[in-house]
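Results of the structural survey
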Amino acid sequence: MNRKQALAFRLFSVAFSVAVMYFNVGSLRAQAPAAPAAPAAKPAPAEDDPFAPQPATPLPPGMTGSTTNDPRVGLKPGLYDAGEAAMGMEHIAFLKKPDAFQLSSNQPDDPAVQKTLGMLGIGNSARIPKPMQLVIAQLAFANSDFAFQGTHLFQGNFYGVNFYDISNPAKISLVTSLVCPGGQGDVSVHGNLLFMSVEMPNGRLDCGSQGFPPLPPPEPGHEKDRRLPVASPDRFRGVRIFDISDIRNPKQVAAVQTCRGSHTHTLVEDPNDKDNVYIYVSGTSFVRQPEELAGCSGEAPDKDLNTSLFRIDVIKVPIADPSQAKVISSPRVFIDSRTGALNGLNNGGSHDQGAEKPADTNQCHDITVYSAIGLAAGACSGNGILLDIKDPVNPKRVDAVNDPNYSYWHSASFSNDGTKVVFTDEWGGGLQPRCRPTDPIKWGADAIFNLKDDKLSLASYYKMPAAQTETENCVAHNGSLVPIPGRDIEVQAWYQGGISVVDFTDAAHPYEMAYFDRGPIDSKTVILGGDWSAYWYNGFIYGSEIARGLDVFKLVPSKFLTQNEIDAANLIQFSELNVQNQTQIKWPSRLIVARAYLDQLERSKALPSKQIASLNKAIGHAEKSHLGKKDVAKLSSKATSVESEASAAKNPEDGKRLHALSLILQNPTV
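Report follows, based on the coordinates. Each residue is numbered by its place in its chain's sequence as written, counting from 1. Only residues with pLDDT of 70 or above have their local features reported here, since the model is predicted, and side-chain atom pairs are shown and tallied only from 80 upward, although totals for entire chains, interfaces and linings are computed over all residues. With hydrogens and water stripped out, all remaining heavy atoms of the structure feed into the side-chain values.

1. Side note on the overall build of the protein
Stated precisely, the cut-off is as follows: What counts as a helix is a DSSP run of H or I of at least four residues, what counts as a strand is a run of E of at least two, and both are numbered from the N terminus. Only C-alpha atoms enter the radius of gyration; for comparison, a globular chain is expected to reach 2.2 Å times N to the power 0.38, where N is the number of residues. Accessibility here uses a 1.4 Å probe with only protein chains present; expressed as a share of the type maximum, an area under 20% marks a residue as buried, one over 50% as exposed, and anything in between as partly exposed. We get accessible surface area from the Shrake-Rupley algorithm with a probe of 1.4 Å; when it comes to residues, only the shown protein chains can shield them.
Per the secondary structure count, the protein includes nine helices and 30 strands. Taking 2.2 N^0.38 as the reference for a compact globule, 670 residues should give roughly 26 Å; the C-alpha atoms of the protein span a radius of gyration of 25 Å, in line with that estimate. Summarising its shape, the C-alpha atoms of the protein cover approximately 90 × 60 × 55 Å along the three principal directions. A total of 670 residues make up the protein; the buried ones form 60% of that total. As displayed, the protein offers around 25,200 Å² of accessible surface, 52% of which is attributable to carbon and sulfur atoms.

In structure tokens, the structure reads:
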């Protein structure tokens, strides 16, 4: 096996489905996930063994790795009793996964592992190294992404969905479990409808857990032939739609099949169409045969212009009758507009000593839409792309970027004002340690881009700084904005690297302002775990812990964050949140928001301390008098000088804060 093939093992996004294909039928060997890296002291493996542990390699010239000088380094290992470290955030609740969503063993030889592999249709598991058998079996029960509605949280899982009551975040409780295997189980919610991504070949129309029988062993001499699972009318790969009007009794009302299944999906709302919602489907797995779903083709564009590669799918869902949901377009978002070639984007080659050669981009992993500005950011394996979505049925690419430091473009977030985009790089998949001192700080990181006139330009990188061990899968993953006025803040998951809260207000100089981390699940073996997603919702941060369950946190004051800023953020209350359908945040003209701006202006020294003290005193009087006429007039009189300071501010961000502060002083509320 050559190094190019080994690099292809990185894709956690397709690890499960590819493993099922290959280990069933001996195909696509080069795309299976790599085994965890071993300590550098061990000898290098033979080049022809694709599953042998890979040693850590020295840092490339000019690159630095993660720091070992951090409280997160050296934490005690354990599943439920691991050591913990936190800064700027408090862990307030944890709830284990339901028993039905547990593998029940961390031992490769346990019969539960073989039973799970059998349910997945994996035959001849003896060909799979024992550690990899365990990883594949664990992935079958992995927690995945979140959606929120009112006082309910929906946590996806490769085995189904769990519904939680979060009316009291300190005492979360399970409402019901929906067993419906097929992975990846990413979820979105809209009104009485819940949407769920299904990509793996063990998914069934009826949500059955029995999967499908494995193929028999190949004939001698044909071990490497590509063979797809036997076509079945009972198989489902695409987007499921459930009616959740009775939250304790969800009912499947539609199941929209797609050629590559749905690894992730994005809920899209058209401001001009209140009768329908749209789903952008990102499929990263193999293309099913036309005998199973008519019209599917896995051919290259030069052989079939109707190939199911090099596109996304758009599903239209009538809200009044979701059973009529169907695919209505398949935009060619990778097309070369000059030549018409479908394969118009290329990763340009990537890192790891130049071993990864240029490859065409034929899939999106995740798409974040921001309808308020008419744009979407697509994290599309080999490229980051920008889409015009003013016509949501026919999105058009307006820009694309690649980066030699990026391996697999995974997800994206816009800043609230739409002037920045944060892309994540899932280098190594999610199954490998990528936060060791020997791993470059620019690899498996965030790339922060400025966005102006529909063009992206790289500003900087950010990576969770604390070194993790050889047995902690760690790389950039899912996050969301924290609505602190006057700042661009993102909370983000890093698998077993834990959770970071990052300030990227200055796109060129992002920094960590809070974190939470646990020690490795196991000190000797990579056990699949850590935080898949970390999202802020209505005053709290929720973490989807892959192996353990569900965590709840809250931000606390620190040298990077004041209580006024936290209180101002907590004014933002969503009735529904699907993070990939980004909502524009607008803060009320409340005096607590003014205090938050003053704290920031004090931190940046943009106003003299005497002026800040005078403004805080005037705000205090107005609060005490419940906006008495005299006190409001005094605030208004101070607005003029604040606005003049805004015009003269040296820092553009301070200028924005001063202007926003002036507006509140002119028309305050409490």
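So much for the structure itself; the text now carries on.
2. Some points on the packing of aromatic side chains
Let me state the cut-off plainly: Working definition: rings of Phe, Tyr and Trp (its six-membered ring) pair if their centres are within 6.5 Å, and the pair is stacked with planes under 30 degrees apart, edge-to-face with planes over 60 apart, and tilted otherwise.
This model, assessed by the stated rule, comprises 20 aromatic pairs. Here the aromatic rings of Phe101 and Tyr159 are separated by 5.6 Å at their centres, their planes lie at 90°, and the arrangement is edge-to-face. One end of the pair, Phe101, is in the loop between β2 (89-96) and α3 (111-119); the other, Tyr159, is in the loop between β4 (152-157) and β5 (160-165), with 58 residues separating them in the sequence. With respect to class, Phe101 is no different from Tyr159; both count as buried. An angle of 80° between the planes, with centres 6.5 Å apart, marks the rings of Trp536 and Phe574 as edge-to-face. With Trp536 in strand β27 (residues 531-537) and Phe574 in the loop between α5 (563-569) and β30 (576-577), the pair connects residues that are 38 residues apart, well separated along the chain. Under the relative-accessibility criterion, Trp536 is labelled buried at 2%. Among the residues examined, Phe574 registers a relative accessible area of 16% and is labelled buried.

3. A closer look at the nonpolar core
The criterion, for reference: Here, the term nonpolar core denotes a set of buried Ala, Val, Leu, Ile, Met, Phe, Trp, Tyr and Cys residues that are joined through side-chain atoms within 4.5 Å. Throughout, a contact is declared for two residues whenever any of their heavy atoms are within 4.5 Å.
Among the nonpolar cores identified, the biggest contains 37 residues, and Met89, Phe148, Val501 and Leu555 are the most heavily contacted of them. Aside from chain neighbours lying at most four places away, what touches Leu555 is Gly88, Met89, Val482, Val501, Ala514, Ile541, Leu561 and Ile566. Leu103, Ala140, Val475 and Tyr495 belong to the second largest nonpolar core, which has 30 residues in total.

4. Observations regarding the environment of Glu299
You can see Glu299 is positioned in the loop between β12 (276-282) and β13 (313-318). With a relative accessible area of 39%, Glu299 lands in the partly exposed category. Placed 188 residues apart in sequence, Glu299 and Pro111 show a C-alpha to C-alpha distance of 39 Å. Those residues in contact with Glu299 that lie beyond four places of it in its chain are Asp304, Thr307 and Leu309.

5. Focus on unusual backbone geometry
Of note, the bond from Gly183 into Gln184 is cis; its omega dihedral lies within 30 degrees of zero at 5°. Structurally, Gln184 is set in strand β7 (residues 184-190). In the Ramachandran plot, Phe310 falls in the positive-phi region, its phi being about 60° despite a non-glycine side chain. Note that Phe310 resides in the loop between β12 and β13. Although it is not a glycine, Asn538 adopts a positive phi angle of roughly 50°. With respect to the helices and strands, Asn538 occurs in the loop between β27 and β28 (540-545). Of the residues examined, Asn538 reaches a relative accessible area of 15% and is grouped as buried.

6. Here we look at the sheet that holds strand β9 (residues 238-243)
As a reminder, the rule being used: The rule for pairing is simple: two strands pair if DSSP sees at least two bridges between them. All axes are obtained by fitting lines to C-alpha atoms, using only the stretch in contact for helices, and the reported angles, taken between N-to-C directions, cover 0 to 180 degrees.
Read across the sheet, four strands follow the order β7-β8-β9-β10 without closing on themselves; strand pairing throughout is antiparallel. The open sheet has two edge strands with one neighbour each: β7 and β10 (251-257). If you compare each strand with its neighbour and ignore which way they point, the axes differ by 20° on average. Pairing of β7 with strand β8 (residues 193-198), which is carried by five bridges, proceeds in the antiparallel orientation. Across the sheet, Val189 pairs through a bridge with Leu194, a residue of β8.

7. Some points on empty space enclosed by the protein
For clarity, the threshold we go by: The pocket and cavity definitions rest on a 1 Å grid over protein atoms only: a 1.4 Å probe that fits but cannot leave marks a cavity, an open set with protein on both sides within 12 Å along at least five of seven lines marks a pocket, and residues lining either have an atom within 4 Å of a point. Grid points are joined across faces, edges and corners, and a volume is the space filled by probe spheres set on the points.
Tallied over the full model, the rule gives nine cavities of 30 Å³ or more. Taken as a whole, the largest cavity holds about 170 Å³ of empty space. Along its surface, the largest cavity is lined by 14 residues, and Ser480, Leu481, Leu577, Val579 and Gln582 are the ones closest to its centre. Going through the elements one at a time, β19 (409-414) and β23 (478-482) are the ones with two or more residues in the lining of the largest cavity.

8. Concerning the state of the cysteines
Rules: Working definition: a disulfide is two cysteine sulfur atoms within 2.5 Å of each other.
Taken as a whole and judged by the stated rule, the model has four disulfides. The partner cysteine of Cys180 in its disulfide is Cys207, sulfur to sulfur 2.0 Å. What sets the handedness of the Cys180 and Cys207 disulfide is the S-S torsion sign, and at about -65° it is left-handed. Here Cys180 is found in the loop between β6 (173-179) and β7, whereas its partner Cys207 is found in the loop between β8 and β9, with 27 residues between them in sequence. Judged by relative accessible area, which is 0%, Cys180 ranks as buried. Note that Cys259 is cross-linked by a disulfide to Cys296, the S-S spacing being 2.1 Å. One disulfide, between Cys259 and Cys296, carries an S-S torsion of -90° and so falls in the left-handed class. Note that Cys259 is positioned in the loop between β10 and β11 (264-268) and Cys296 in the loop between β12 and β13, a separation of 37 residues in sequence.

9. Side note on the side chain of Thr424
To keep it simple, the criterion reads: Under this definition, polar contacts are N or O atom pairs within 3.5 Å; protein pairs additionally need one hydrogen-donor-capable and one acceptor-capable atom, and for neighbouring residues in sequence, both atoms have to be side-chain atoms.
With respect to the helices, strands and loops of the structure, Thr424 is situated in strand β20 (residues 420-425). In this structure the side chain of Thr424 is engaged in a polar contact, spanning 2.7 Å, whose partner is the side chain of Ser411. Once residues within four sequence positions are removed from consideration, Thr424 is found in contact with Tyr406, Tyr408, Trp409, His410, Ser411, Ala445, Asp446, Ala476, His477 and Gln492.

In short, shape yes, function no, at least from these values alone.
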